[in-house]
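Working through the structure, step by step
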Amino acid sequence: MKPDGNSTRTAVKPAGVAILGSTGSIGTSALRVLARQRDRFVPVALTANGNVAALAEQVATWMPAFVGLVQAHADAPDDWGVGAECLVAAATHPDAQIVINAVVGAAGLPATLAALRMGKRVALANKETLVVAGAIVTDTARRHGGELVPVDSEHSAILQCLAGRQPHEVRRLVLTASGGPFRTWPAERIAAATVTDALKHPTWQMGSKITIDSATLANKALEVIEAHHLFGVPYDRIDVVVHPQSIIHSFVEFVDGSVLAQMGVPSMELPILYALTYPERVPDSGVPSFDPVALGGLSFETVRSGDFPLLQLGIDAGRRGGAAPAVFNAANEVAVAHFLAGRLSFSGIAERVSAALHELADAPGASLEELLRADAAARDHVNAQVGC
């Protein structure tokens, strides 16, 4: 029924959003999205790892009800939450209906679980949540009425292509990978790559850890595991293909042979917006209009698995299940940190992850406590091997 001329339109209060990792690349992109959607969303909780200055600027702009800083700092105001527990405090804030989890690494897991237990929507950019404890996380969402909506461009693409289709209608999922900065490098040159080399991603501007993961293709292994849990598709029906232009973000092939692909310019603002509004679409002028003529062509290549061993190591860990994915993720996090600090070669990342899996992949992993113990053991293993 249309309202008559005398009716007064009732204003709808914007939904509260908590952003965990608000000063990182996803967090700052999310705030740009919220700035254009002020009538629909408002940030009520912001947290950062240690960037006090950037967080203070965001607080001055948005005046959120809760502010948290994971790493204590003398310049942090007394009324900010401090320590890892501030992530859970932000995720469970009563004014936040949606939680954007953009924390790097397994540190984002407790906040995801806490938000899901309260029946909230988690816009998930922290893929490690599902890698470490996928079955536990999805079960928590199901039992408590919470929602997991992916922010990663690849998984957002799959979600859009599926559009309510049933798992039995899907033949396979195909995740696209840019190939990273070393896509055309020979194996010998890759092994000697420097930190500066590895941080030169060809199409995306991201944080240092995920940029290194993209260079090793460990990130794509994490995404395969995440896709398995998000969409309930077996590993043998999830493929990866290199697509240097990063225009097609993923494909879904259906049982009748039809293939749907989601395309768009390389901007994280589109999947962030969709995670906030799913299943609806709303106007947003921040994403450039798509110009197919300007693309100049799209190309696809087979993954050079032998030169990027972390991809298969991670997929095999996912297939193995139990504690193996948690071990893979934790060992990779620590190995990447050592590489960035100059204590490990680029090829040493895969070597250290492989060694950790050899020793610890069969550790118990039926409960969250066992998975966290496996995570800690993998970190200790890599640190010991590097000599730290």
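On a predicted model such as this, the values are computed, not experimentally measured, just so you know.

Applying the stated rule across the entire model yields two cavities of 30 Å³ or more. Every element with two or more residues in the lining of the largest cavity is listed here: helix H6 (153-162) and helix H11 (269-277). Here the lining of the largest cavity gets four residues from one element, more than from any other, and that element is H6. The class makeup of the residues in the lining of the largest cavity is six nonpolar, seven polar and no charged. Of the volumes computed, that of the second largest cavity is approximately 60 Å³. Along its surface, the second largest cavity is lined by Gly179, Arg183, Leu217, Val242, Glu301, Thr302, Val303, Arg304 and Phe308. Its residues assigned to classes, the lining of the second largest cavity comprises four nonpolar, two polar and three charged.

Moving on to the sheet that holds strand E9 (residues 238-242). Taken together, four strands build an open sheet; the order of strands is E9-E8-E10-E11 and the sheet is mixed. Strands with a single pairing partner mark the edges of an open sheet, and in this sheet they are E9 and strand E11 (259-263). Mean inter-strand twist for the sheet, computed between neighbouring axes without regard to direction, equals 20 degrees. As paired elements, strand E8 (residues 170-177) and strand E10 (residues 248-254) share five bridges and run antiparallel to each other. The partner of Leu173 across the bridge, within E10, is Val252.

For the rest of this paragraph, the subject is the sheet that holds strand E6 (residues 121-124). Judged by pairing direction, the sheet is parallel, and its seven strands sit side by side in the order E4-E3-E2-E1-E5-E6-E7 without closing on themselves. Only two strands of the sheet have a single partner each, and these edge strands are strand E4 (81-82) and strand E7 (147-150). Where strand E2 (residues 41-48) and strand E3 (residues 66-69) come together, four bridges link them in parallel fashion. Across the sheet, the residue bridging to Ala48 is Leu69, located in E3.

This part takes up the side chain of Lys209. In this fold, Lys209 is placed in helix H9 (residues 208-216). Using a relative accessible area of 12% as the deciding quantity, one classes Lys209 as buried. If sequence neighbours within four positions are ignored, Lys209 has contacts with Val104, Glu128, Leu222, Asn332, Glu333 and Val336.

Within the fold, Glu128 resides in helix H5 (residues 128-144). What makes Glu128 buried here is its relative accessible area of 6%. At a separation of 3.5 Å, a polar atom in the side chain of Glu128 contacts the main-chain amide nitrogen of Gly105. Side-chain polar atoms of Glu128 contact the side chain of Asn126, separated by 3.0 Å. With residues near it in sequence (within four places) discarded, Glu128 still touches Val103, Gly105, Ala106, Lys209, Leu222, Asn329 and Glu333.

Let's shift gears to the packing of aromatic side chains. Overall, the coordinates contain five aromatic pairs when judged by the stated rule. Judged by centre distance (4.5 Å) and plane angle (45 degrees), the rings of Phe182 and Trp185 are tilted. On the basis of relative accessibility, which here comes to 0%, the residue Phe182 falls in the buried class. By relative accessible area, Trp185 is classed as buried at 11%.

Here we take up the environment of Ser25. Take Ser25: it is sitting in helix H1 (residues 25-36). Separated by 68 residues in the primary sequence, Ser25 and His93 have C-alpha atoms spaced 23 Å apart. Not counting chain neighbours up to four residues away, the residues in contact with Ser25 comprise Gln205, Met206 and Gly207.

To continue, consider the packing of helix H10 (residues 218-231) against helix H13 (residues 324-340). At a minimum axis distance of 12 Å, the contact between H10 and H13 shows a crossing angle of 150 degrees. Here H10 is positioned roughly antiparallel relative to H13, judged by the angle of their axes. Crossing of H10 against H13: the hand is left-handed. Counted together, Ala218, Ala221, Leu222 and Ile225 of H10 and Pro325, Phe328, Asn329 and Asn332 of H13 form the full contact between these two elements.

Here we take up the domain arrangement of the protein. Domain annotation for the protein reports domain 1 (15-150) and domain 2 (165-262 + 304-387). Averaged C-alpha coordinates put domain 1 and domain 2 at centres separated by 24 Å. With 19 residues of domain 1 at the interface, the matching set in domain 2 holds 22 residues. Surface buried jointly by domain 1 and domain 2 totals about 1500 Å² across both partners, of which 72% is contributed by carbon and sulfur atoms. Here domain 1 and domain 2 share one salt bridge between them.

Rules used in this analysis
- Residues numbered from 1 in each chain as written.
- Predicted model: local features only at pLDDT ≥ 70, side-chain atom pairs only at ≥ 80, totals over all residues.
- Heavy atoms only, no water.
- 1 Å grid on protein atoms, 1.4 Å probe; cavity = no way out; pocket = protein on both sides within 12 Å on 5 of 7 lines; lining within 4 Å.
- Points joined across faces, edges and corners; volume = space filled by probe spheres on them.
- Helix = DSSP H or I, 4+ residues; strand = E, 2+ residues; numbered from the N terminus.
- Nonpolar A, V, L, I, M, F, W, Y, C, P; charged D, E, K, R; others polar.
- Pairing = 2+ DSSP bridges.
- Axes fitted to C-alpha atoms, helices over the stretch in contact; angles between N-to-C directions.
- Buried < 20%, exposed > 50% of the residue type's maximum accessible area, 1.4 Å probe, protein only.
- Contact = heavy atoms within 4.5 Å.
- Polar contact = N/O pair within 3.5 Å; in protein donor to acceptor, adjacent residues only side chain to side chain.
- Phe/Tyr/Trp six-rings, centres within 6.5 Å; stacked < 30°, edge-to-face > 60°.
- Parallel < 35°, antiparallel > 145°, perpendicular 65-115°, else oblique.
- Left-handed = near helix turned anticlockwise from the far one by under 90°.
- Domains from an automatic or database assignment.
- Buried area = accessible area lost by both parts, 1.4 Å probe.
- Salt bridge = Lys/Arg side-chain N within 4 Å of Asp/Glu carboxyl O.

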